[in-house]
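Understanding the architecture of this molecule
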Amino acid sequence: MKVMVVGSGGREHALVWKLYQSEKAGKIYAAPGNDGLAELAELVDIDMTDISGLANFARKQKIDLTIVGPEEPLVAGIVNEFQARNLKIFGPTREAAMLEGSKIFAKQLLNRYNIPTADFEVFTDPSEAISYLKDTDYPRVIKAEGLARGQGTKIVTSQQEAIKTVNRIMEDRIFGDAGERIVVENFLTGQEISIMALTDGETLLPLAASRDHKPVFDGDEGPNTGGMGAYSPVPYLSEAEEEEIYRQIMYPTLKALRAEDINYQGVLYAGLILTSSGPKVLEFNARFGDPESQAVLPRLQDDLLAVIEEIVAGRLTRKKLSWSKESAVSVVLAAGGYPLTYDEGDEISGLDKVNRYDNLLVFHAGTRKTGEKFITSGGRVLNLTILAEGFFSAVNQVYQHIEEIYFRDMHYRSDIGRSALEELNPENYNRYNQ
Ligand code: GLY
């Protein structure tokens, strides 16, 4: 089979790496991909937002299946365009991807179908938002409605901070049109969790649960990023809790979409919080998580390409996937300054060392090759994923290997996985501390 992966980050490297292992995979293309994955896939110089360019390429090269990584092309309708041209593609249509493309659409859908989420208000007028925020308690959560590369959510702890945030989103338009409307939500407390499932619109095929950390600094401090590291499994999530999430949130959401005449095919990803009154939805994504995929896909024992092919062909029959018992911990190495402005073009050293270990995977996100050397070319530069027996051991090993990599002003969170250990009850502690 000829397969094309759309996107260029660490998630796409992990996808290509996993697809490459499939007996069904013939040639793999990545559009535009990145130099770090070029050993596994041919890079295609077409931007992920050039939907007709991608469809023309797929037609010309007789691509059998296209798999979309990022949200932008999904929300812009890449699946609609491919399907209209009889090209096979995995991902939700523009209408279905609204679940991620519009936080207001998602919240209203949840409310209509009684799916647990925080109470919220919607504002299109900044002065109305500000007068509401002058008469409320804190903390609150303010979200730009549209796509903002994972950075459109801010927890505000005072009236002054809330007003500043509204002005930056709605008046200064820091997220452009994505901030024309905002959602103001109640702040929920609890552990966060990422639940992803593959779906043909009828059945959900759960992926292993994972946990991402979005704030840039240890202890979940600082501004939000696209995600600074992830792990799977999640030691503090019990099987009963996971079942409850599927019963209360995942299946009801799929059913709600169907009731709205939306056929959702692709990855349904719920960002959740486990509150004292049960799991609640923070947000939905219409795609594989990044960096969750870099921790989840290495644990998947089934042939991902075969599963996706079944979904796209409308003949998904399997009920579950098989997972390695090993723990995966993935840490993002970021460029100095990220998620604000950051430098590019710094030489990365140590890749030859870390590439030698069988249980360490290096997924490139923002790198470029010049001659024989890799240099930085993005905010999130590399993901180091370890697969190891025992969660504790995985956490320790990944941080040992990070010390072998260097680029100027490199930074990373030093607590990925470590905070999970604090949450363990004795039963889970034994399960994960093998
Ligand atoms: N890790 C969060 C996301 O993929 O949006």
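Details of the structure are given in the entry above.
Residues numbered from 1 in each chain as written. Predicted model: local features only at pLDDT ≥ 70, side-chain atom pairs only at ≥ 80, totals over all residues. Heavy atoms only, no water.

1. Notes on the overall build of the chain
So the rule is basically this: Under the scheme used here, helices are H or I runs from DSSP no shorter than 4 residues and strands are E runs no shorter than 2 residues, and both carry numbers assigned from the N terminus. Every radius of gyration here is taken over C-alpha atoms, with the globule rule written as 2.2 Å times N^0.38, N being the number of residues. A simple rule labels every residue: compare its accessible area, found with a 1.4 Å probe on the protein chains alone, to the largest value its type can have, and call it buried under 20%, exposed over 50%, or partly exposed in between. We call two residues contacting when some pair of their heavy atoms lies within 4.5 Å. Only the protein chains shown count as cover for residues, and all accessible areas are computed by the Shrake-Rupley method using a 1.4 Å probe.
Of regular secondary structure, the chain possesses 15 helices and 22 strands. Its C-alpha atoms give the chain a radius of gyration of 21 Å, near enough to 22 Å, the size a compact globule of 434 residues would have. Seen through its C-alpha atoms, the chain measures out along the principal axes to roughly 60 × 50 × 45 Å. The buried share of the chain, reckoned over its 434 residues, is 58%. The contacts in the chain between residues at least 6 apart in sequence include a share of 69% that link residues at least 24 apart. A total of about 18,100 Å² of accessible surface is found on the chain, and carbon and sulfur atoms cover 44% of it.

2. Regarding the pattern of salt bridges
Two side chains with opposite charge may pair up if their charged atoms get near one another. This is how the line gets drawn: The term salt bridge refers to a side-chain nitrogen of Lys or Arg lying within 4 Å of a carboxyl oxygen of Asp or Glu.
Throughout the structure, instances matching the rule amount to 26 salt bridges. Note that Arg211 and Asp220 form a salt bridge whose closest N and O atoms lie 4.0 Å from each other. Judged by relative accessible area, Arg211 falls into the buried class, the value being 6%. Salt bridges sharing common partners tie together Arg211, Asp220, Arg413 and Asp415.

3. Examining the nonpolar core
As a reminder, the rule being used: Residues belong to a common nonpolar core when they are buried Ala, Val, Leu, Ile, Met, Phe, Trp, Tyr or Cys residues joined through side-chain atoms within 4.5 Å.
With 78 residues, the main nonpolar core has Ile78 and Val329 as its most contacted residues. Val329 has contacts with Ala230, Tyr231, Leu384, Thr385, Ile386, Phe391, Ala394, Val395, Val398 and Ile416, leaving out every residue within four places of it along the chain. Counting 37 residues, the second largest nonpolar core, distinct from the first, contains Ala25, Val267, Tyr269 and Val307.

4. What to know about the sheet that holds strand 16 (residues 266–275)
Heads up, the condition is: Two strands pair if DSSP finds at least two bridges between them. Note on geometry: axes are C-alpha line fits, over the in-contact stretch for helices, and angles between N-to-C directions span 0 to 180 degrees.
Pairing in this open sheet of 4 strands is antiparallel, and the strands run 11-10-16-17 from one edge to the other. Each edge of the open sheet is held by one strand with a lone partner, namely strand 11 (204–206) and strand 17 (278–285). Strand after strand, the sheet turns through a mean of 35° between neighbouring axes, direction not considered. Looking at chain direction, strand 10 (residues 191–199) and strand 16 are connected through 9 bridges and run antiparallel. Paired with Glu192 across the strands is Ile273, a residue of strand 16.

5. Things to note about the site of the ligand
To keep it simple, the criterion reads: Any residue with a non-hydrogen atom lying within 4 Å of a molecule or strand is treated as near it. Identification of polar contacts relies on pairs of N or O atoms within 3.5 Å, with a donor-acceptor requirement for protein atoms, meaning one able to donate a hydrogen and the other able to accept it, and with residues adjacent in sequence counted only if both atoms are side-chain atoms. Amino acids are sorted into nonpolar (Ala, Val, Leu, Ile, Met, Phe, Trp, Tyr, Cys and Pro), charged (Asp, Glu, Lys and Arg) and polar (every other residue, Gly among them).
Neighbouring the ligand are the residues Asp212, Lys214, Gly226, Tyr269, Asn285, Arg287, Gly289, Asp290, Pro291 and Glu292. Between the ligand and Asp212 there is a distance of 2.7 Å, counted from a nitrogen atom to a side-chain nitrogen or oxygen. Side-chain polar atom of Glu292 to a nitrogen atom of the ligand: 2.7 Å apart, as the coordinates give it. The fraction of the free accessible surface of the ligand (200 Å²) that becomes covered by protein chains is 94%. By residue class, the composition of the shell around the ligand is 2 nonpolar, 3 polar and 5 charged.

6. A look at the sheet that holds strand 8 (residues 153–156)
Strands sit in the order 6-9-7-8 across an open sheet of 4 strands; the sheet is antiparallel. Since the sheet does not close on itself, it has two edges, and those belong to strand 6 (120–123) and strand 8, each with one partner. Within this sheet the neighbouring strands show an average axis-to-axis angle of 20°, counted without direction. Two strands pair when backbone bridges link them, and strand 7 (residues 140–144) and strand 9 (residues 182–186) are joined in this way by 5 bridges, in the antiparallel orientation. Residue pairing for strand 9: Arg140 is matched across the bridge by Asn186. Across the sheet, helix 7 (residues 126–133) touches strand 6, strand 7 and strand 9, and the angle it forms with strand 6 is around 150°. Across the face of the sheet, helix 8 (residues 159–171) comes into contact with strand 6, strand 7, strand 8 and strand 9 while running at roughly 160° to strand 8.

7. Comments concerning helix 6 (residues 103–112)
Counted residue by residue, helix 6 has 7 buried out of 10 residues, so it is predominantly covered. All of the buried residues along helix 6 are Lys103, Ile104, Phe105, Ala106, Lys107, Leu109 and Leu110. Just downstream of helix 6 lies Asn114, where phi reads positive at about 55°.

8. Some points on the pairing of strand 17
The buried count for strand 17 comes to 7 of 8 residues, which makes it a mostly enclosed element. Sheet topology note: the strand 16/strand 17 ladder contains 7 bridges and is antiparallel. Directly across from Gly271, in strand 17, lies its bridge partner Glu283. Hairpin connection, strand 16 to strand 17: the antiparallel pair is bridged by 2 residues.

9. Some points on empty space enclosed by the protein
Basically, it comes down to this: A 1.4 Å probe that fits but cannot get out identifies a cavity on a 1 Å grid over protein atoms alone, an open set with protein on both sides within 12 Å along at least five of seven lines counts as a pocket, and a residue lines either if it has an atom within 4 Å of a point. Grid points are joined across faces, edges and corners, and a volume is the space filled by probe spheres set on the points.
Counted by the stated rule, this structure contains 2 cavities of 30 Å³ or more. When its volume is computed, the largest cavity comes out at roughly 50 Å³. As for the largest cavity, its lining consists of Ala335, Gly336, Asp343, Asp346, Thr376, Phe407, Arg408 and Asp409. Across the lining of the largest cavity, the residue classes tally to 2 nonpolar, 2 polar and 4 charged. By volume, the second largest cavity amounts to about 30 Å³. Along the walls of the second largest cavity sit Val68, Phe90, Gly91, Pro92, Val267, Ala286, Arg287 and Phe288, which together make up its complete lining. Each residue belonging to the lining of the second largest cavity can be placed in one class, and the counts come to 6 nonpolar, 1 polar and 1 charged.

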